[in-house]
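Reading the structure
Spelled out, the chains give:
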Amino acid sequence: GGLTWGPAQTTKDEAFGSGAEPLVQPNGQVVVPFLGDNMQAFTSTDGGKTWNPSFTIAVVNTFQGNSSLRSVGLPFPSTGMDASGKLYVVWSDCSFRQDCSTNDLVMSTSTNGTTWTNPARIPIDPLNSTVDHFIPGLAVNRRTSGKTAKLTSTYYYYPQADCNDS
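Everything in this summary refers to the structure shown in the same document. Quantities reported herein were computed from a predicted structural model and do not represent experimental measurements.

1. A few points about the overall build of the protein chain
Each helix and strand counted, the protein chain has 0 helices and 10 strands in total. Beginning at the N terminus, the succession of helices and strands in the protein chain can be written as β-β-β-β-β-β-β-β-β-β. Against the 2.2 N^0.38 benchmark of 15 Å for 166 residues, the protein chain shows a C-alpha radius of gyration of 17 Å, consistent with a compact globule. If you line up the protein chain on its principal axes, its C-alpha atoms span 50 × 35 × 30 Å.

In structure tokens:
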């Protein structure tokens, strides 16, 4: 229940990254998406006593603008899970934009924690817009699932991707 803690454990491949957000599926499997070399995750089937090697969810590409408000330039993930245990990960990514000119929010999902869908662009505005989206937050209503799952996302944005702090 979190009253006591054991010594720190590492993944079998000693994965390194930031922005980890653990999720516990109904079957007890722990899935930890994080930003490593790309969007990555690792799992545990014994409540975190041991951790499996990390794996890549998706390659990450990110637009770096001129402003200092950029989550230190890192597209950290935001995660959620629905009632069925389906996992959702959202991050900012420029892969859908010509010349990687601005970031969209993208999402990948998994039902088993190890196999993930290709990232899908969340169509907040047209592909030719100059809006840059970053630092997402995701919430999933855990009482919903499947085609009726309810998700919401918040995010920061600049109307003009190449703006500066002024």
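2. Some remarks on the state of the cysteines
Per the stated rule, a full pass over the model turns up 1 disulfide. For Cys94, the disulfide goes to Cys100, at an S-S distance of 1.4 Å. Using a relative accessible area of 27% as the deciding quantity, one classes Cys100 as partly exposed.

3. Quick word on the environment of Ile135
When you line up the elements, Ile135 lands in strand β9 (residues 132–140). Sequence separation between Ile135 and Asp162 is 27 residues; the distance between their C-alpha atoms is 17 Å.

4. Here we look at the environment of Pro119
By secondary structure assignment, the location of Pro119 is in the loop between β7 (104–110) and β8 (120–122). Once the C-alpha coordinates of Pro119 and Val60 are considered, the two residues, 59 residues apart in sequence, prove to be 9.6 Å apart. Leave out the neighbours within four places in its chain, and Pro119 touches Ala58, Trp91, Phe96, Val106 and Met107.

5. Re the sheet that holds strand β2 (residues 30–35)
An order of β1-β2-β3-β4 is seen for the 4 strands of this open sheet, with the pairing classed as antiparallel. Sheet topology places β1 (23–24) and β4 (55–58) at the edges, where each strand pairs with a single neighbour. Of the strand pairs in this sheet, β1 and β2 are connected by 2 bridges, and their pairing is antiparallel. Bridge assignment links Leu23 to a residue of β2, and that residue is Val31.

6. Digging into the side chain of Thr144
Note that Thr144 resides in the loop between β9 and β10 (151–158). Of the residues examined, Thr144 reaches a relative accessible area of 12% and is grouped as buried. From its side chain, Thr144 meets the backbone nitrogen of Lys150 in a polar contact 2.9 Å long. Beyond its immediate chain neighbours, meaning those up to four positions away, Thr144 contacts Asp82, Ala83, Ala149 and Lys150.

7. Some remarks on the sheet that holds β7
Sheets are built from strands that pair by backbone hydrogen bonding, the pairs being arranged parallel or antiparallel. Read from one edge of the open sheet, 4 strands run β5-β6-β7-β8, paired in antiparallel fashion. Two strands lie at the open edges of the sheet, namely β5 (78–81) and β8, each paired on one side alone. Averaged over all pairs of adjacent strands, the angle between their axes in this sheet comes to 30°, without regard to strand direction. Relative to β7, strand β6 (residues 87–93) runs antiparallel, the two sharing 7 bridges. Following the sheet pairing, Asp93 is matched in β7 by Asp104.

What counts, and where the lines are drawn
Residues numbered from 1 in each chain as written. Predicted model: local features only at pLDDT ≥ 70, side-chain atom pairs only at ≥ 80, totals over all residues. Heavy atoms only, no water. Helix = DSSP H or I, 4+ residues; strand = E, 2+ residues; numbered from the N terminus. Rg over C-alpha atoms; globule rule 2.2 N^0.38 Å. Disulfide = S-S within 2.5 Å. Buried < 20%, exposed > 50% of the residue type's maximum accessible area, 1.4 Å probe, protein only. Contact = heavy atoms within 4.5 Å. Pairing = 2+ DSSP bridges. Polar contact = N/O pair within 3.5 Å; in protein donor to acceptor, adjacent residues only side chain to side chain. Axes fitted to C-alpha atoms, helices over the stretch in contact; angles between N-to-C directions.

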